[in-house]
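Inside the fold
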Amino acid sequence: MKYYLIVGEASGDLHASHLMQSLKAQDPEADFRFFGGDLMTAVGGTRVKHFRELAYMGFIPVLLHLPTIFKNMDFCKKDILAWQPDVVILVDYPGFNLSIAKYVHSLRKPSQSKERLQGGECNEGRGLGRSPKVFYYISPKIWAWKEYRIKNIKRDVDELFSILPFEVPFFEQKHHYPIHYVGNPTADEVRKFREDYHEDFESFCNRYSLTEKPVIALLAGSRKQEIKDNLPAMIEATRDLTADYQLVLAGAPSIEREYYENYLGDASVKLIDNDTYSLLMHAKAALVTSGTATLETALFNVPQVVCYETPVPRLIRFAFNHIIKVKYISLVNLIADREIVQELLADRFTVDNIRQELEAILPGGDKREQMLADYRLVHEQLGTISAPDNAARQMIEILSK
């Protein structure tokens, strides 16, 4: 079968590459074409565009790059129409992907012509003789914001594959839209890494020219704006701990070292590029910007403080209390449905608060053991299912009917 995948950032490239591997293992005739990254390219198939050409985050960057975004979207529609896949698999990245889902769905309308695209046009009124299915792998987080998108999902997405257990009641009970919970790929990835990793602490330190002091990990996000907002406060909050600990910053794959150096200055912080899992294997505690990294840190059993600076903090706190649909911002707390890790965002994001909460989870701190015990609940909620294998099996079964 022919699979057309679309991802918009590094995490999507990782998860989609594993899904592709599982699809290949279960479908020897699998043929891939995709908007993706280096990991997907390594699996095989044809990469149409790299996700770096799509990844604009935040209101101003998106506004400034609207012509490029629309150009990429138009090109993607043309490419799907020309290649005629059996299925379009969308991976997260809802702003772009839900528009593609709408377009593919529109190709099925009986009023539309069945003729093939001619002359390079990409009009909504022309379609495929055989329209592809639309699968969504790693569903949009509409439970947090933009819940109105459920209407588009119900209309345009044939099957939704969730990786978070709490999404099942949200979609099925609240919105009466059946979905597939397939397990969590991050849990798979961490589990496999821990099974295969055999480097002791001394070897790890030698590899990166570290001292043998215990490590505090700094995970400041994967986007420049997140790093700009959070890293300076993380460094300031840990400055007085360097006599007993070494601070190690996890470099994101999409961020050049020069950008980090703008904020490191003379701080006693060691930067490690693109090896976060090894760092978490040896860290005693971590300061983490909200996102998948909070879940990864919990799965490595590293106590953490979630740090997320926002503009107009009092307004954000009001919105969080009265408008935003969720109680927490970290996946750890959302999965557990209670506060396991401390979330310092908006008006709670201060250097003093970060320092106080970090000291409480370091060895000997009064919150450390309880957090480690509570992490077991997260492990139990996620289970041990192989998400990409399970998703691939279900996708192939649906497509084979």
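To be clear, the structure that these remarks concern was listed above.
Nothing here was measured: the structure is a model prediction, and the numbers come from that model.

Examining the sheet that holds strand β4 (residues 87-91)
A sheet is described by the order of its strands in space; here 7 strands give the open sequence β3-β2-β1-β4-β5-β6-β7, paired in parallel fashion. Strand pairing shows two members of the sheet lacking a second neighbour, β3 (46-50) and β7 (180-181), which therefore form its edges. Pairing analysis gives 4 bridges linking strand β2 (residues 31-36) to β3, with the strands arranged parallel. Paired with G36 across the bridge in β3 is H50. Contacts between helix α1 (residues 10-26) and the sheet are confined to β1 (2-6), β2, β4 and β5 (133-137), with β2 contributing the most and set at about 180 degrees to the helix.

Some thoughts on unusual backbone geometry
The backbone of H176 shows a phi angle near 55 degrees, a positive value even though the residue is not glycine. Its place among the elements puts H176 in the loop between α7 (167-174) and β7.

Considerations on the packing of helix α8 (residues 185-196) against helix α13 (residues 292-299)
At a closest axis distance of 10 Å, the pairing of α8 and α13 adopts a crossing angle of 40 degrees. The angle between the axes of α8 and α13 places the two elements in the oblique class. In terms of crossing hand, the pair formed by α8 and α13 is right-handed. In this structure, α8 uses T186, A187, V190 and R194 to contact α13, whose residues at the interface are T292, L295, E296 and L299. In terms of residue class, the contact of α8 with α13 is built from 4 nonpolar, 2 polar and 2 charged.

Details of the side chain of E147
Following the sequence through the fold, E147 ends up in the loop between β5 and α6 (150-156). Classification of E147 by relative accessible area gives buried; the value is 13%. At 2.8 Å, the side chain of E147 forms a polar contact with the side chain of K174.

Brief notes about the sheet that holds strand β11 (residues 283-288)
In space, the 6 strands of this open sheet follow the order β10-β9-β8-β11-β12-β13, with parallel pairing throughout. Whereas interior strands pair on both sides, the edge strands pair on one side only; in this sheet they are β10 (269-273) and β13 (342-345). Between one strand axis and the next, the sheet turns by 25 degrees as a mean value, whatever way the strands run. Taken together, the 5 bridges between strand β9 (residues 246-251) and β10 define a ladder with parallel strand orientation. Within β10, the position partnered with L247 by the bridge is V269.

Here we look at the packing of α13 against helix α17 (residues 368-382)
Orientation of α13 relative to α17, taken along the N-to-C sense of each, is 105 degrees, at an axis distance of 9 Å. Overall, the two elements α13 and α17 adopt an arrangement that is roughly perpendicular. Contacts from L295, T297, A298 and L299 of α13 reach α17 at Y375, V378, H379 and L382. Across the contact of α13 with α17, the residue classes tally to 6 nonpolar, 2 polar and no charged.

Side note on the nonpolar core
Of all hydrophobic cores here, the largest spans 134 residues; its most connected members are Y3, L5, I6, I89 and Y137. Here this core takes 7 residues from helix α18 (residues 387-400), the largest share from any one element. Those residues in contact with I89 that lie beyond four places of it in its chain are Y3, Y4, L5, I6, L19, L23, F135, Y137 and M395.

Thoughts on the environment of M281
As for its position among the elements, M281 is in helix α12 (residues 276-282). As a C-alpha pair, M281 and R194 span 87 residues in sequence and 7.8 Å in three-dimensional space. Not counting chain neighbours up to four residues away, the residues in contact with M281 comprise F193, R194, Y197 and F300.

Overview of the pattern of salt bridges
Enumeration over the complete set of coordinates arrives at 20 salt bridges. Measuring nitrogen to oxygen at the nearest pair gives 2.5 Å for the salt bridge that ties E9 to R223. Of this pair, E9 sits in the loop between β1 and α1 while R223 sits in the loop between β8 (215-219) and α10 (224-238), placing them 214 residues apart in sequence. Here R338 ties to D374 by a salt bridge, and the two come within 3.3 Å at their closest N and O atoms. With R338 in the loop between α15 (331-336) and β13 and D374 in helix α17, this residue pair connects regions lying 36 residues apart in the sequence. Through salt bridges that share partners, E9, R223 and E226 make up one connected network.

Conventions we followed
Residues numbered from 1 in each chain as written. Predicted model: local features only at pLDDT ≥ 70, side-chain atom pairs only at ≥ 80, totals over all residues. Heavy atoms only, no water. Pairing = 2+ DSSP bridges. Helix = DSSP H or I, 4+ residues; strand = E, 2+ residues; numbered from the N terminus. Contact = heavy atoms within 4.5 Å. Axes fitted to C-alpha atoms, helices over the stretch in contact; angles between N-to-C directions. Parallel < 35°, antiparallel > 145°, perpendicular 65-115°, else oblique. Left-handed = near helix turned anticlockwise from the far one by under 90°. Nonpolar A, V, L, I, M, F, W, Y, C, P; charged D, E, K, R; others polar. Buried < 20%, exposed > 50% of the residue type's maximum accessible area, 1.4 Å probe, protein only. Polar contact = N/O pair within 3.5 Å; in protein donor to acceptor, adjacent residues only side chain to side chain. Core = buried A, V, L, I, M, F, W, Y, C linked by side-chain atoms within 4.5 Å. Salt bridge = Lys/Arg side-chain N within 4 Å of Asp/Glu carboxyl O.

Read these as spatial facts, not as claims about activity.
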